[in-house]
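Listed below are the residues making up each chain.
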There are 4 protein chains.
Amino acid sequence: MIAVLKPQTSDKQIENLSSWLKAQGLDVHISKGSTHTVIGLVGDTSKIDEDLLIGLDMVETVKRISEPFKSANRKFHPDDSVISVGNTSVGGKDFTLIAGPCSVENEEQVMEIATAVKAAGATMLRGGAFKPRTSPYDFQGLKADGIEMLIKAKKVTGLPIVTEIMNANHLSLFDEVDVIQVGARNMQNFELLKELGRTNKPILLKRGLANTLKELLMSAEYIMAGGNENIILCERGIRTFETYTRNTLDVSAIPMLRELSHLPVIVDPSHATGNAKLVKPMAMAAVAAGAHGLMIEVHNDPAHALCDGPQSLTPAAFAEVAMSVRKILAAMEE
Amino acid sequence: MIAVLKPQTSDKQIENLSSWLKAQGLDVHISKGSTHTVIGLVGDTSKIDEDLLIGLDMVETVKRISEPFKSANRKFHPDDSVISVGNTSVGGKDFTLIAGPCSVENEEQVMEIATAVKAAGATMLRGGAFKPRTSPYDFQGLKADGIEMLIKAKKVTGLPIVTEIMNANHLSLFDEVDVIQVGARNMQNFELLKELGRTNKPILLKRGLANTLKELLMSAEYIMAGGNENIILCERGIRTFETYTRNTLDVSAIPMLRELSHLPVIVDPSHATGNAKLVKPMAMAAVAAGAHGLMIEVHNDPAHALCDGPQSLTPAAFAEVAMSVRKILAAMEE
Amino acid sequence: MIAVLKPQTSDKQIENLSSWLKAQGLDVHISKGSTHTVIGLVGDTSKIDEDLLIGLDMVETVKRISEPFKSANRKFHPDDSVISVGNTSVGGKDFTLIAGPCSVENEEQVMEIATAVKAAGATMLRGGAFKPRTSPYDFQGLKADGIEMLIKAKKVTGLPIVTEIMNANHLSLFDEVDVIQVGARNMQNFELLKELGRTNKPILLKRGLANTLKELLMSAEYIMAGGNENIILCERGIRTFETYTRNTLDVSAIPMLRELSHLPVIVDPSHATGNAKLVKPMAMAAVAAGAHGLMIEVHNDPAHALCDGPQSLTPAAFAEVAMSVRKILAAMEE
Amino acid sequence: MIAVLKPQTSDKQIENLSSWLKAQGLDVHISKGSTHTVIGLVGDTSKIDEDLLIGLDMVETVKRISEPFKSANRKFHPDDSVISVGNTSVGGKDFTLIAGPCSVENEEQVMEIATAVKAAGATMLRGGAFKPRTSPYDFQGLKADGIEMLIKAKKVTGLPIVTEIMNANHLSLFDEVDVIQVGARNMQNFELLKELGRTNKPILLKRGLANTLKELLMSAEYIMAGGNENIILCERGIRTFETYTRNTLDVSAIPMLRELSHLPVIVDPSHATGNAKLVKPMAMAAVAAGAHGLMIEVHNDPAHALCDGPQSLTPAAFAEVAMSVRKILAAMEE
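Residue numbers here run from 1 along each chain, matching the order of that chain's written sequence. Whichever chain is written first is A, and whichever ligand is written first is 1; the rest continue in order. Two thresholds apply to this predicted model, a pLDDT of at least 70 for residue-level local features and 80 or more for giving and counting side-chain atom pairs, whereas whole-chain, interface and lining totals are computed over all residues. Working from all heavy atoms in the structure, the side-chain values ignore hydrogens and water.

To continue, consider the overall build of chain A. Looking only at helices and strands, one finds ten helices and 14 strands in chain A. With the principal axes as the frame, chain A shows a C-alpha extent of 75 × 45 × 35 Å. Relative accessibility thresholds used throughout: buried, under 20% of the residue-type maximum; exposed, over 50%; partly exposed, between the two (1.4 Å probe, protein chains only). When burial is assessed residue by residue, chain A has 65% of its 334 residues classed as buried. For the accessible areas, the method is Shrake-Rupley and the probe is 1.4 Å, while residue cover comes only from the protein chains on display. Only carbon and sulfur atoms are counted for the fraction: they give 49% of the accessible area of chain A, which is about 11300 Å². Only runs of H or I of at least four residues qualify as helices and only runs of E of at least two qualify as strands under DSSP, and these elements are numbered from the N terminus.

Let's shift gears to the sheet that holds strand β2 (residues 27–32) of chain D. All names here are of chain D. A pair of strands counts as paired when DSSP detects no fewer than two bridges linking them. Spatially, four strands are ordered β2-β3-β1-β4 in an open sheet, and the strand pairing comes out antiparallel. Only two strands of the sheet have a single neighbouring strand rather than two, namely β2 and β4 (59–63). Ignoring strand direction, the axes of neighbouring strands in this sheet form an average angle of 20°. In this sheet, strand β3 (residues 37–42) lies alongside strand β1 (residues 2–5) in antiparallel orientation, the contact comprising three bridges. By the bridge assignment, V4 is partnered in β3 with V38. We call two residues contacting when some pair of their heavy atoms lies within 4.5 Å. Note on method: axes are straight lines fitted to C-alpha atoms, helices fitted across the in-contact stretch only, with angles between N-to-C directions ranging 0 to 180 degrees. This element, helix α1 (residues 11–23), spans β1, β2 and β3 of the sheet and lies at about 155° to β2.

L233(A), L294(A), L233(B), L233(C), L294(C) and L233(D) are the most contacted members of the largest nonpolar core, which has 311 residues in total. Here L233(B) is in contact with L205(B), L216(B), L217(B), A220(B), L257(B), L263(B), P264(B), V265(B) and I266(B), once residues within four sequence places are set aside. What makes a nonpolar core is a set of buried Ala, Val, Leu, Ile, Met, Phe, Trp, Tyr and Cys residues whose side-chain atoms join them at distances within 4.5 Å.

Here P281(D) shows up in helix α9 (residues 276–288). A relative accessible area of 14% places P281(D) in the buried class. Excluding residues that lie within four positions of it along the chain, P281(D) makes contacts with P255(B), A288(B) and A289(B).

Turning to the sheet that holds strand β8 (residues 124–126) of chain C, a few remarks are in order. Residues and elements named next belong to chain C. Taken in spatial order, the eight strands close into a barrel running β7-β8-β9-β10-β11-β12-β13-β14, and their pairing is parallel. Between one strand axis and the next, the sheet turns by 30° as a mean value, whatever way the strands run. Pairing of strand β12 (residues 231–235) with strand β13 (residues 265–267), which is carried by three bridges, proceeds in the parallel orientation. Within β13, the residue paired with L233 across the bridge is V265. The sheet strands contacting helix α6 (residues 213–225) are β11 (203–206) and β12, and the helix crosses β12 at an angle near 160°.

In this comparison the copies share one frame, found by least squares on the C-alpha atoms of residues holding pLDDT of at least 70 in both. It takes a turn of 180° to lay chain D on chain A, together with a shift of 0.0 Å along the axis; the resulting RMSD is 0.1 Å. Such a combination of rotation and displacement between the chain copies is what one expects of a two-fold axis. Relative to the rotation axis, the closest C-alpha in chain D is found at F241(D), a distance of 2.6 Å.

Each partner contributes to the interface: chain A provides 49 residues, whereas chain B provides 49 residues. The buried area of a pairing is the accessible area, by a 1.4 Å probe, that goes missing from both parts when the two are put together, added over both. Carbon and sulfur atoms make up 53% of the area that chain A and chain B hide from each other, which totals about 4400 Å². By definition here, a salt bridge exists when the distance from a side-chain nitrogen of Lys or Arg to a carboxyl oxygen of Asp or Glu is within 4 Å. Joining chain A to chain B, the criterion identifies two salt bridges. For the salt bridge of R239(A) with E215(B), the shortest nitrogen-to-oxygen distance reads 2.6 Å. In protein, a polar contact requires one atom able to donate a hydrogen and another able to accept it; more generally it is a pair of N or O atoms within 3.5 Å, and residues adjacent in sequence count only if both atoms are side-chain atoms. On inspection of chain A and its partner chain B, the count reaches 19 residue pairs in polar contact (both at pLDDT 80 or more). Elements represented by at least two residues in the side of chain A that touches chain B include exactly α1 (11–23), α2 (50–55), α5 (190–197) and α6 (213–225) of chain A. Sort the elements by how many residues they give to the side of chain A that touches chain B and α6(A) lands first, with five residues. Each residue is assigned to one class: nonpolar for Ala, Val, Leu, Ile, Met, Phe, Trp, Tyr, Cys and Pro, charged for Asp, Glu, Lys and Arg, and polar for all the others, Gly among them. Looking at the side of chain A that touches chain B, its residues break down into 20 nonpolar, 15 polar and 14 charged.

With that out of the way, let us pick up the packing of aromatic side chains. Residue and element names in this part refer to chain C. What counts as a ring pair is set by centres within 6.5 Å for rings of Phe, Tyr and Trp (its six-membered ring), and what kind of pair is set by the plane angle: stacked under 30 degrees, edge-to-face over 60, tilted for all other angles. Enumeration over the complete set of coordinates arrives at eight aromatic pairs over all chains. Relative to Y222, the ring of F190 lies with its centre 4.6 Å away and its plane at 20°, an arrangement referred to as stacked. Taken together, the residues F190 in helix α5 (residues 190–197) and Y222 in helix α6 connect sequence positions 32 residues apart. The class for F190 is buried, based on a relative accessible area of 1%.

Taken together, the contacts link 18 residues of chain D with 18 residues of chain A. Carbon and sulfur atoms supply 73% of the area that chain D and chain A bury against each other, a total of about 1500 Å² over both sides. Among the residues chain D hides against chain A, the three largest losses belong to K63(D), I65(D) and F241(D). Together they make up 32% of the total. One can count zero residue pairs in polar contact (both at pLDDT 80 or more) joining chain D with chain A. Sorting the residues of the side of chain D that touches chain A by element identifies β1, β2, β3 and β4 of chain D as the ones contributing at least two each. Looking at the side of chain D that touches chain A element by element, the count peaks at four residues for β4(D). Partitioning the side of chain D that touches chain A into residue classes produces seven nonpolar, six polar and five charged.

So, on to helix α10 (residues 315–333) of chain C. Think of an α-helix as turning once every 3.6 residues; residues three or four places apart then point the same way. One less than the residue count of a helix, multiplied by 1.5 Å, gives the span that helix is expected to have. Taking 1.5 Å of rise per residue, the 19 residues of α10(C) would be expected to cover 27 Å, and the 27 Å separating its terminal C-alpha atoms lies within 8% of that figure. The set of residues buried in α10(C) consists of P315(C), F318(C), V321(C), A322(C), S324(C), V325(C), I328(C) and A331(C). Packed against the buried residues of α10(C) are α9 (276–288) and α10 (315–333) of chain A together with β7 (96–100), α3 (107–119), α9 (276–288) and β14 (293–297) of chain C.

Residue and element names in this part refer to chain B. Interaxial distance between helix α3 (residues 107–120) and helix α4 (residues 144–157) falls to 9 Å at its minimum, and their mutual angle equals 35°. α4 is crossed by α3, and the crossing has right-handed handedness. Residues E107, V110, M111, A114, T115 and K118 of α3 form the contact with α4, whose participating residues are M149, L150, K152, A153, V156 and T157. Grouping the amino acids of the contact of α3 with α4 by side-chain chemistry returns seven nonpolar, two polar and three charged. Handedness of a crossing follows from how the near helix is turned relative to the far one, being left-handed for an anticlockwise turn of less than a right angle and right-handed for a clockwise one.

Applying the stated rule across the entire model yields 64 salt bridges over all chains. R258(A) serves as the salt-bridge partner of D80(A), at 3.3 Å between the closest nitrogen and oxygen. In this pair, D80(A) is assigned in the loop between β4 (59–63) and β5 (83–85) and R258(A) in helix α7 (residues 253–260), connecting sequence segments 178 residues apart. In this structure D80(A) comes out as partly exposed when scored by relative accessible area, which is 25%. If you follow the salt bridges from partner to partner, you end up with R207(A), E235(A), D250(A) and E242(C) in one network.

Attention now moves to the domain arrangement of chain A. According to the domain assignment, chain A contains domain 1 (2–63) and domain 2 (83–333). Computed over C-alpha atoms, the centres of domain 1 of chain A and domain 2 of chain A are 43 Å apart. Domain start and stop points were drawn from an automatic or database domain assignment.

We now examine the pairing of β1(D). Residue and element names in this part refer to chain D. Here β1 shows two buried faces, one formed by I2 and V4 and the other by A3 and L5. Here β1 runs beside β4; their pairing, made up of four bridges, is antiparallel. Bridging from a neighbouring strand, A3 pairs with V62 of β4.

This next bit is on the confidence of the model for chain A. Residues and elements named next belong to chain A. Scored from 0 to 100, pLDDT records how confident the predictor is in each individual residue. In the predicted model, chain A carries a mean pLDDT of 91, and the fraction of residues at 70 or more is 96%. Ignoring residues within four places in sequence, the model shows residues 303–309, a span with pLDDT below 50, making 16 contacts including any to other chains. At the level of chain-chain contacts, confidence expressed as ipTM amounts to 0.91, with global pTM at 0.93.

Structural data, given as structure tokens:
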């Protein structure tokens, strides 16, 4: 970590700051330029509060050289993490294909979709039971009943299940859930993250709409700091000024996260674009960029059902996407 | 609400959609253009799920004409809401000046600042007891002890107190807190909002870093839908590409929110800029743009204490800001 | 085009507006709802100035149903445009691979790179002669001399050449240039676009850092309105809040632009990421998402030369990217 | 300037880089940490190309300590610049009030508005003759005829005139124009900036929609590097995700630019918001935040004319804004 001091900083001030920093267990290197003095901090700076330093009157700017995340950092864990999930695993050489409805609506719907996506090659089933909605007047999900339906589908198909949690008080309902999803809007719900750190369940952590990759990794760090290292990162589109797409899928986040961290990275092309026609090309792009997996919304009858999301594919369209994904994966392994 | 249908939509499809919409209790007006058919929906469209309509294969785009928020909407509540808080009130003609430390650190600190900001004209005391931090390794606040210290300062100074909640399970600790703050990162923590809707405490709701004004009002709507209409909106800067300031204070949000809603709007210039030198000009700008109040961080000794945030003012600097604010307010009333 | 009128609009005002719109040659459909009146405009609304309508006191919002771009619109030109460039072509089934140095530095450098990229499969040579730089103190390019060097390389290798124009007064220097590039910062330099519309040279039009896809297509429309329909669109990353990458490559722009327009779409992964390690995965993602081509920076000796851009590949690394691209293309055709 | 080297950098590489940097006339300080080596550059680093350094394989990141702008920098020019414009001046203690129509439409319109805004206290007249429009089908302005009309209005009212240039080839038409405006879309049209640097006309330089303050100052630097130091900076709103306002007026840019630079800073609240109702509160906010002036669109008859922009005020509304502005200014001087 480097702190650049303001031109007018006195020697006395520099000495005071330097003593305080040494008392935090850091080595301090001071180098004076023609206008600015630069203080270099060597040691474990991950526990130094950057805001606190910037807040000092004498400090012009602060720059971290080493990243503030440790457990999630590839530098200290060079090999890819592989997370075991039921009869499958996420990360490394495995490719994960999660599919299912946006919302669980009824048992028949879940069972039909689960069977269809399994046949098409899905390795996990997703479905929303607790639904975060912008409006209090929109459908909020079937809650505990929805989770029960997913568990039944798991028993029949053998597919591990993924579903979202919105409140740590609901944790007891997730006992038979294989992967707990943290949604984009809760990525910095630190109280929830801490509670999930006390479990040993795999966590699928979605990037917030306006969160940087560093913040995503710091949120993973919250869970890992509690002892749960089973984290799957998920890119799902960020908020930009473009309006033709609902969000902008940040495909470059895939190779960037893989460089920064050992955690597996999957992509949700359905929510990112909000446009069923873009799901296939964006799924293929994510695979070509090195994603460890995809999470895709599938609905059994978008043509007649009124309750489908705009981004849902039919099982047949999903099967086609799965086929194309396999071709890209094969081409990349040649 | 208007739905524009795709050019190739058949009469049969239009009829099906129309019947379904009528079954939701809406009047349906169909107007056919040379290429597109437009369906106008008349009635209470606030309960129609916009995503569901966009999701239909035959629909090109959907546009709301009336806003999806009802309780927060000025159209149905033309007069400014005024929220009673202890011996003061927020909104309407009253000007609210909330001041205090970023984090509560110890009893002496809180008491000293509380006394100083009261003398300078503050009408409420703020202080963080539960602190949302990006890093799990940063200081997380004094929690219950911090709230106790604020309550003592309230008893001594008479100033009502504002502090942030991060977990609905902590609600019992907030009995003597006058205003409960929901931080920017929890603006769409819908489970927390619902719990706060079941209380009758005034809620200070901060805009999320990347949330639109419509989303802010929909989050207010979540609390109001539960029965608690005591909401104070707070603009605190949004995330943009600019890097000289930590965030970009959206001053235009003040008149825009006042046009859209009857709820009071206050501004936090300290967090928005992350730069103590910008606090005064931005506070004055907010007042000139019509804010109902300000929330400003004040620290007792930024020069020597290392734990101040970069955006904190000394009590003396705060007194100067308060004076300038009063001059602007007086000029606006002439 | 639909205009939603404010609730209090009088019948007289509606009649006046309606008459004026009819006088512009449009059919006008009026539908009155319980609160708002909606005016539907049928006919060629592309010449109606949207801002002018929004500016009227009685108008609440305006929504275009048909896009304001005509010549670039796939609706009026369903087949992919294929642009002839020297001995090659861009668009349709052809895949374009443009490679070369960021800046032309000297004859030897250009010749060496041109030979190497041709051997690796490049179909065009790029190189900057006029360089737009944020700082007036940075290297501004070799200008006319740089173009001469590119022309020599073209003669030796047979590769058509692409280079950027910054000033319409320089057009005479571009006689032997095959494709004229308009840089991101000049995407809305309308005077330059108009001049290029009067030529018949293929134009490679880069998306501005903060421009929407609609604006990109409107800038293409500027050139096409002048008679030059040889436009190649280029996505090169947009400005977002993320800081690990220089810009965020908007991969979803590829399928979206291909849906909206018949013009070919190529991608520049080098400038988008500003990070040589990300060029290969992003190039592959662009191909998998359906790009008609790639433009990649190649430098002859990044290890020793100090003048390479951060995003440049060596010829050997470029050959590896080209190979991987061909594998993805083959997999997509299976 | 500081360059942080990658952990694996060899001593030989460090020595090579160090020699090269010294050859550029800089002092080089090397400090080795436990993982990273940091190179500090002392001297005139404004001419070092930051991209070039970042591009080196051995470099992890680069951080400027001193700003890359010199002529525009307050550090080297502590006093406010005051720009003489006809019988008035911009900057320092003077307050500039520029008003006029978005587009010059005819002589009568310009004369009527010019007379009205002068009476209300305007110190300069603005009007668009060359109009940058997103669509080639929208009205492009009266061009040379428009400038003639502005010159007539100047002769009658004595108000200096401001109008936009889009092409350096038009410069001869601007002989009697007092201030030449560079629009947001041309802020990085470096060829135009260089040409304006060769004149001695005051230049009103608008911030681009997605340009940082540093980029704005670097564009000012382009003009100043050519010898013309008469620059007026203008904040006019930036592109964000918010949709209720057309752009987000960055009010914090005012105090931030005043800290970084000695150049005067004015604000255009009309274009920023795209909403006539927001012009007054945002004008007042800009004044309270320390702007040296305002530029406001005024139209003679928004109620009947169809050609007004959505953001235009009537002369009467403008007079009211001018009055409120004077009250705020007086309050700030007390």
